[in-house]
Structures are given as C-alpha cells and as structure tokens.
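Take a look at the letters that make up each chain.
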Amino acid sequence: MKRPSVLIAGAQFGDEGKGKIVDLLVQKGDLDVVVRFNGGANAGHTIVLDDGKYPLHLIPSGILHKETINIIAAGVVLDPLFLVKEIENLKTRNISCDNLFISDRAHMVMPWHRALDAAQGGRLGTTAKGIGPTYEDRAGRRGIRVGDMIDENGQIDLEHFSQRVREVCAEKNNLFQKVHNLEPLDPEAIIKEFVAAAEVIKGKVRDTGAMIADLIGQGKSFLYEGAQGSLLDVDWGTYPYVTSSSVGLAGCYVGTGNCVLPEVRMGVVKAYGTRVGEGHFPAELGAYERIKEQDKVAPGGSLPHLTPEEQQQALAGDDYWMGRWLRAVGAEYGTTTGRPRRCGWLDIVAVRQAVRMSGLNQIALTKLDVLDGIPKLKVCVAYEYQGKRTTDFPARIHHLHDYKPVFEELEGWDTLGKATSFDELPEQAKTYVKKLEEWIGVPIKIVSVGSHRASSLWR
Ligand code: GDP
Ligand code: IMO
Ligand code: MG
C-alpha cells in the first residue's frame, strides 16, 4: 500500500513549532525522505530530545533519524559556509550527515548577500542571513548556483567558479563602494573559503529534481518541510514585511521541481500568535512601539520572568503585560537570531489564508501548555474595517492598523497537567481546541503540549 506523503507548512508568521512536528512524524515512522524546499538559514527549527535542544537551520529536521534521506532542494538558498558549520556542529553531537543531499540548482548565499542584507535588511527586520539579496540575484539572473562550484561528478570546477566570483565581485564592489560605503570584497579570499567548504559538501551534490522523482518512483514516502509561515510569503504575506520565497505548497512545487501533491497537508498553528522582526501583526498584544525595547536577552542568558505584580497587571487585562507573559512562558526568542518575538492572540483570519494557500487538510496545534493559568483567552476571528466585518486578509497593509481585530473570548484553564491523551485535558482546553477547529474549518490531528517529542497528543 502506498504510504501518504506529508507537507508541513507554517500557518502564521513562522516559528509555529514545525521542527518538532517534522521530527515527531518522522519518528512515528513510515517517512523515508525529508525535503527542505524554500528559504535558507533564516529558518530555525528546534527539536528537543532527552539530551537537549537541536536547533536546525539549513538542514532538514529528519537528520536526527539515521535511516531518513534528507534533501536540500533547489528552492533553498544555500550558504555553504553556514552549512559546513551546521554539519560540524551535528557531528560533535554524533549526528551523521551522510544521508544529506544538496541540489546543484540551489542558489548560493555569497558574502556580498550577507553584507547587503546586514546593510539594508534592518528596515524589515530580516534575519541578516543574506536571504533576500540571494533571491534577488536569482531573479536578476546574476546568481551563483551550487552547480557553478561543484560539477555532476562531485568535482570542484575551480576555473568556472573562480571566473563567476571574480565577475560578480567586480559588479558588487561598484555597488558596495559607490552606494553602500562598504569595504570592497576580495574575490580571491572568497574563492579560497568557498573551495574549502566545497571539499566538505561536494559528495552530497545531486540533481535533486531527478533524485526526488526517482525516489517517488520507488514508492518512498516524503515529508516536505516548509520554512517560515504563510504570512511571510513573498506574495501573500504582509508585503513588504515578508521573506523572499513562496511558503507552503506553491514553494514546494517550485523548490522540488516535481509535481507533488502530498496527501496530508498539515498546517502547524501555535495556540497564540508570534512574529519576529518588523511588520504588521493585527492581533498583537500591546502597542509595538512599547514592545520594541523590551526583553533583549543575550544568547545563553536566562529568560526574564514576570514579577507577581506584573502578572497581576496581565491578569487585570493589560495587553502589554499579557504579551510579555506569553513571551516569558513560551520562551519566545528567535532560534536564529535570539531576538524577542512579539506575542499576540491567535488570528484565525491569518490561519484560514494559510489553509487556502496550501489546501491544508490537517492541523497540528502547538504550545497549548503555554496558555496554562490564563483565565480568559481571546481568539481573533475577523477584522473590522470602516464599520464592516471581513475575514479576508487585506493586501493594503499600510491600512492594516485600521483593521481592528474582532475577538471571541474563551475560558482558560489552570494547568494541562500531565495529560497523556486528548481526553485527559481539562474541559476548557478541549473546548478551546474544538472551537479553533470549527473556526479554522480543518481537523486538528496533533495537540502539542510541550517542546519534547513525547509531549504530543494525537486525535
Ligand atoms: P519552527 O521554526 O516552526 O520549527 O519553530 P521554532 O523551533 O523556531 O520555535 C518553536 C519553539 O517552541 C521551539 O523552541 C520548540 O522547542 C518549542 N515548542 C514546540 N512545541 C511546543 C509545545 O507544544 N510547547 C512548548 N512549551 N514548546 C514547544
Ligand atoms: P522558521 O522557518 C520567523 C522573518 C524575519 C523578518 C522577515 C524577513 O523558523 O519559521 P528574511 O531573513 O527571511 O529576509 O527576513 O521574515 N523570518 C522568520 N520569522 N520564523 C522564520 O523561519 C523566519 N524566517 C524569516 O524575522 O521579519
Ligand atoms: Mg523557527
């Protein structure tokens, strides 16, 4: 019998808990191949096992499973220097990347992309990983692809690669010096650094379009691991405060080069809302101007907790403090940048757009435990604009602050306790899940109640 393939897609602003769900599904069995098809090292997908956290960026979240084939497909923008570090980090934790393959068509994030993102990306609050500038050069037909550095036999094509780097560097140096006032690039140093990385990854390069087609032909089952979330989609997100790739099913077609329609299309939805970086966030808790300055935590630093007085303010209905409550309890700090994430209530309008974009037919609801102890929970079910209700996400986001969220209020619960099945959850938590299901219009199949693989309830 053919085993179903699965798409995992973020249904909000990213960081919904996709990494955990991917790992869970792979562990449950019957998935042979995990494919990343969009984005790059801007993604941060966290898996938590007994021996601690595994934050993954470029490498698919199936890597912790020895038998699983992991593919970085053509739609990903790949920073080889970053990839080599990620491979080495995993090696120190005894995770082998022997089963990792890379597309020859993936565009490479080059040092000029990272420098330009750092110089220009602040306005949008990007991750500064060079993602936008690399996709820009892809569309502008100036990009350098993995296949420009490593040939079909896994050999480094030094002559061609060096020529491309020198050509592009000459162009970029013009831009760097005349427009951005940046130090010029040294093509020879870049070539050297990249060739060293190529030595590590050259055996992994494949025509992944053909490879995926072959594996499909052999009856293998796939998990297509989306990065980011639908409201960061370059076309359908809160443009221009978006990433530069197509997120969800559309990105899966483009990125894999195969006409795939996974039978299971699972949206990952966090039980509340978060967003990191600039841009509109209708159901945000607290005015953004006030939120911006708070809670900067050094990597490895301890998370700020609310004092009893601050908790009282949150419980008395102060949105600003409720936002900080969610950040503290949910440990809402970026996996990639460490930035504090902005927090809000769950926005059904946004989730329903994700359902439409990817034909989602199942939902995994994550972080339900974070809502413990909040007596009244709000869910945004529509917006009101110029006196009218709408359930469509607007294109004209410069007006989005005039869209007022329409909230429904639900009863909270004290604690989820140690529930090991959905039925054991407090009645109010079950009602919360069932109401969300009704509003979203898609069955919630997994309820995640903790970061560990084991804290997952199946329905
Ligand atoms: P992704 O980018 O969608 O993979 O999500 P991230 O890994 O960036 O952020 C999700 C965070 O929430 C990670 O730190 C996870 O370990 C954590 N997490 C996932 N599911 C749950 C859950 O059900 N409860 C709690 N408390 N944490 C969770
Ligand atoms: P995962 O896969 C959350 C956000 C950035 C910024 C905007 C553009 O972990 O869910 P970029 O560097 O892509 O040009 O930044 O998009 N962003 C994410 N936010 N999760 C992500 O990925 C994100 N990837 C990009 O914060 O606002
Ligand atoms: Mg993340």
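Residues numbered from 1 in each chain as written. Chains lettered and ligands numbered in written order. Predicted model: local features only at pLDDT ≥ 70, side-chain atom pairs only at ≥ 80, totals over all residues. Heavy atoms only, no water.

1. What to know about the environment of Leu 425
Stated formally: Starting at the N terminus, helices and strands are each numbered in turn, a helix being any DSSP run of H or I of at least four residues and a strand any DSSP run of E of at least two. Whether two residues touch is decided by their heavy atoms; if any such pair falls within 4.5 Å, the residues are in contact.
Looking at the element boundaries, Leu 425 is found in the loop between β18 (404-411) and α14 (427-440). For the pair formed by Leu 425 and Glu 309, sequence separation is 116 residues and the distance between their alpha carbons is 29 Å. Once you skip the residues sitting within four places of it in the chain, Leu 425 turns out to touch Leu 368, Leu 416, Ala 419, Lys 430 and Leu 457.

2. Some details on the coordination of the magnesium ion (ligand 3)
Stated formally: Think of the donor list as every N, O and S atom within 2.8 Å of the metal, or within 3.2 Å for Na, K and Ca; water never makes the list, so a site can look incomplete. A simple rule labels every residue: compare its accessible area, found with a 1.4 Å probe on the protein chains alone, to the largest value its type can have, and call it buried under 20%, exposed over 50%, or partly exposed in between.
The magnesium ion (ligand 3) binds to the protein through Asp 15 (OD) and Gly 44 (O), with metal-donor distances spanning 2.0 to 2.2 Å. With Asp 15 in the loop between β1 (6-10) and α1 (18-28) and Gly 44 in the loop between β2 (33-36) and β3 (45-49), this residue pair connects regions lying 29 residues apart in the sequence. A relative accessible area of 11% means that Gly 44 is categorised as buried.

3. Let's talk about the pairing of strand β19 (residues 444-448)
Here is the rule we go by: At least two bridges found by DSSP between two strands is the condition for calling them paired.
The buried fraction of β19 is high, at 4 of 5 residues. Judged from the 3 bridges that link them, strand β15 (residues 362-366) and β19 form a sheet pairing that is parallel. When the sheet's bridge partners are listed, Ile 363 is paired in β19 with Ile 444. Examined bridge by bridge, β19 and strand β20 (residues 456-458) share 3 bridges and lie antiparallel to one another. Within β20, the residue paired with Val 447 across the bridge is Leu 457.

4. Here's the deal with the domain arrangement of the chain
Rules: The start and end points of each domain follow an automatic or database-based domain assignment. We define buried area as the total accessible area lost by two parts upon association, computed with a 1.4 Å probe and summed across both. Salt-bridge detection follows one rule: a side-chain nitrogen of Lys or Arg within 4 Å of a carboxyl oxygen of Asp or Glu. In protein, a polar contact means a hydrogen-donor-capable atom and an acceptor-capable atom, both N or O and within 3.5 Å, with residues adjacent in sequence counting only if both atoms are side-chain atoms; elsewhere, any N or O pair within 3.5 Å suffices. When residues are grouped by polarity, Ala, Val, Leu, Ile, Met, Phe, Trp, Tyr, Cys and Pro land in nonpolar, Asp, Glu, Lys and Arg in charged, and all others, Gly among them, in polar.
When its domains are assigned, the chain resolves into domain 1 (106-206) and domain 2 (273-458). With centres defined by C-alpha atoms, the gap from domain 1 to domain 2 works out at 37 Å. Facing 7 residues of domain 1, the contacting portion of domain 2 comprises 5 residues. Overall, the association of domain 1 and domain 2 removes approximately 360 Å² of surface from exposure, summing both partners, and the carbon and sulfur fraction of that is 54%. A per-residue breakdown of the area domain 1 buries against domain 2 is headed by Gly 125, Thr 127 and Lys 129, which together make up 68% of the total. For the interface between domain 1 and domain 2, the tally reads 0 salt bridges. Applying the counting criterion to the domain 1 and domain 2 interface returns 2 residue pairs in polar contact (both at pLDDT 80 or more). A per-class count over the side of domain 1 that touches domain 2 returns 1 nonpolar, 4 polar and 2 charged.

5. Observations regarding the sheet that holds strand β10 (residues 222-229)
In spatial order, the strands read β9-β7-β5-β2-β10-β1-β11-β15-β19-β20; together these 10 strands make up an open sheet with mixed pairing. Each edge of the open sheet carries a strand with a single partner, namely β9 (205-206) and β20. Inspection of the sheet shows strand β5 (residues 69-72) paired to strand β7 (residues 100-103) by 3 bridges, in the parallel sense. The partner of Ile 72 across the bridge, within β7, is Ile 102.

6. Description of the pattern of salt bridges
Going through the model one piece at a time under the given rule, you end up with 20 salt bridges. The shortest N-O distance in the salt bridge between Arg 341 and Asp 15 comes to 3.0 Å. Separated by 326 residues along the polypeptide, Arg 341 in the loop between α12 (319-330) and β13 (342-344) and Asp 15 in the loop between β1 and α1 bring together distant segments of the chain. The exposure class assigned to Arg 341 is buried, which follows from its relative accessible area of 5%. Among the salt bridges present, the one from Glu 438 reaches Lys 435, with a minimum N-O distance of 3.3 Å. Of this pair, Glu 438 and Lys 435 both sit in helix α14, 3 residues apart, roughly one helical turn. Overall, the relative accessible area of 25% leaves Lys 435 in the partly exposed class.

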